[in-house]
Amino acid sequence: MSAPFTLADLERIIAARAAADAGSSYTRSLLDKGVAKCAQKLGEEAVETVIAALSAPDEGLIAESADLIYHLLVVLAARGVTLSQVEAELARRTGQSGLAEKAARKPD
Ligand SMILES: N=c1c2ncn([C@@H]3O[C@H](COP(=O)(O)OP(=O)(O)OP(=O)(O)O)[C@@H](O)[C@H]3O)c2ncn1[C@@H]1O[C@H](COP(=O)(O)O)[C@@H](O)[C@H]1O
């Protein structure tokens, strides 16, 4: 039985494809356009995920979520931020309820 596909696997694929020819890789062509374009695509996929959450069957929401996560990892790659840095932040937050964190925030 093969190991389950993980976000770390996708991060590695994105890093490898970043070194590919732009003509053969969507990832490379997107990275070549810069962080602003990558972020714009992330925003579009976020909106499409919201729409799917409200109106699509599960398959549609799953597909849009996959697009969203791929584009988030491309943005992180474009900025030189790693998935393990994000995971470390998520780990730091464990043990504290989101409500407690919200209550502890300084007022704006
Ligand atoms: N997971 C993905 C993935 N999800 C979505 N997409 C692409 O993201 C694009 C976004 O969809 P849109 O409808 O917005 O596309 P579009 O209008 O053609 O995009 P733009 O011209 O606006 O950039 C599509 O071209 C999808 O194919 C992805 N492209 C690549 N991957 C992964 O990255 C790997 C490497 O891909 P390449 O870099 O293309 O070799 C693939 O094997 C996959 O594992």
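Residues numbered from 1 in each chain as written. Predicted model: local features only at pLDDT ≥ 70, side-chain atom pairs only at ≥ 80, totals over all residues.

Looking at an unreviewed UniProt entry, one finds the protein chain named Phosphoribosyl-ATP pyrophosphatase, with Xanthobacter tagetidis as its source organism. UniProt, in the comment section headed Sequence similarities (unreviewed entry), describes the protein chain in these words: "Belongs to the PRA-PH family." Under the UniProt heading Subcellular location (unreviewed entry), the note attached to the protein chain is "Cytoplasm". (UniProt positions renumbered as here; feature names shortened; annotations may be inferred.)

Peer 1: Outline the site of the ligand, listing residues and values.
Peer 2: Within the structure, the ligand sits among Ile-13, Arg-17, Ser-25, Tyr-26, Thr-27, Arg-28, Lys-41, Asp-67 and Tyr-70. Elements with a minimum of two residues in the shell around the ligand: helix 1 (7–17), helix 2 (26–32) and helix 4 (58–79). Element by element, the count of residues in the shell around the ligand is highest for helix 2, at three residues. Here the shell around the ligand is composed, by residue class, of three nonpolar, two polar and four charged. (Near = placed C-beta within 6 Å. Helix = DSSP H or I, 4+ residues; strand = E, 2+ residues; numbered from the N terminus. Nonpolar A, V, L, I, M, F, W, Y, C, P; charged D, E, K, R; others polar.)

Peer 1: Explain the environment of Val-74 residue by residue, including any values.
Peer 2: Relative to the elements of secondary structure, Val-74 occurs in helix 4. The exposure class of Val-74 is buried, given the 25 C-beta atoms found within 10 Å. The spacing of Val-74 and Thr-27 is 47 residues in sequence and 7.3 Å in space, taken between C-alpha atoms. Excluding anything up to four places from it in sequence, Val-74 contacts Ile-14, Thr-27, Leu-30, Leu-31 and Cys-38. (Buried ≥ 20, exposed ≤ 12 C-beta atoms within 10 Å, placed from the backbone. Contact = placed C-beta atoms within 7 Å.)

Peer 1: Report on the packing of helix 1 against helix 4, specifying residues and quantitative values.
Peer 2: It is the contact of helix 1 with helix 4, at a shortest axis distance of 10 Å, that shows an interaxial angle of 55 degrees. Taken together, helix 1 and helix 4 sit at an angle that is classed as oblique. In terms of crossing hand, the pair formed by helix 1 and helix 4 is right-handed. Touching Leu-7, Leu-10, Glu-11, Ile-14 and Ala-15 of helix 1 are Ile-69, Tyr-70, Leu-73, Val-74 and Ala-77, all from helix 4. Among the residues making up the contact of helix 1 with helix 4, the classes are represented as nine nonpolar, no polar and one charged. (Axes fitted to C-alpha atoms, helices over the stretch in contact; angles between N-to-C directions. Parallel < 35°, antiparallel > 145°, perpendicular 65-115°, else oblique. Left-handed = near helix turned anticlockwise from the far one by under 90°.)

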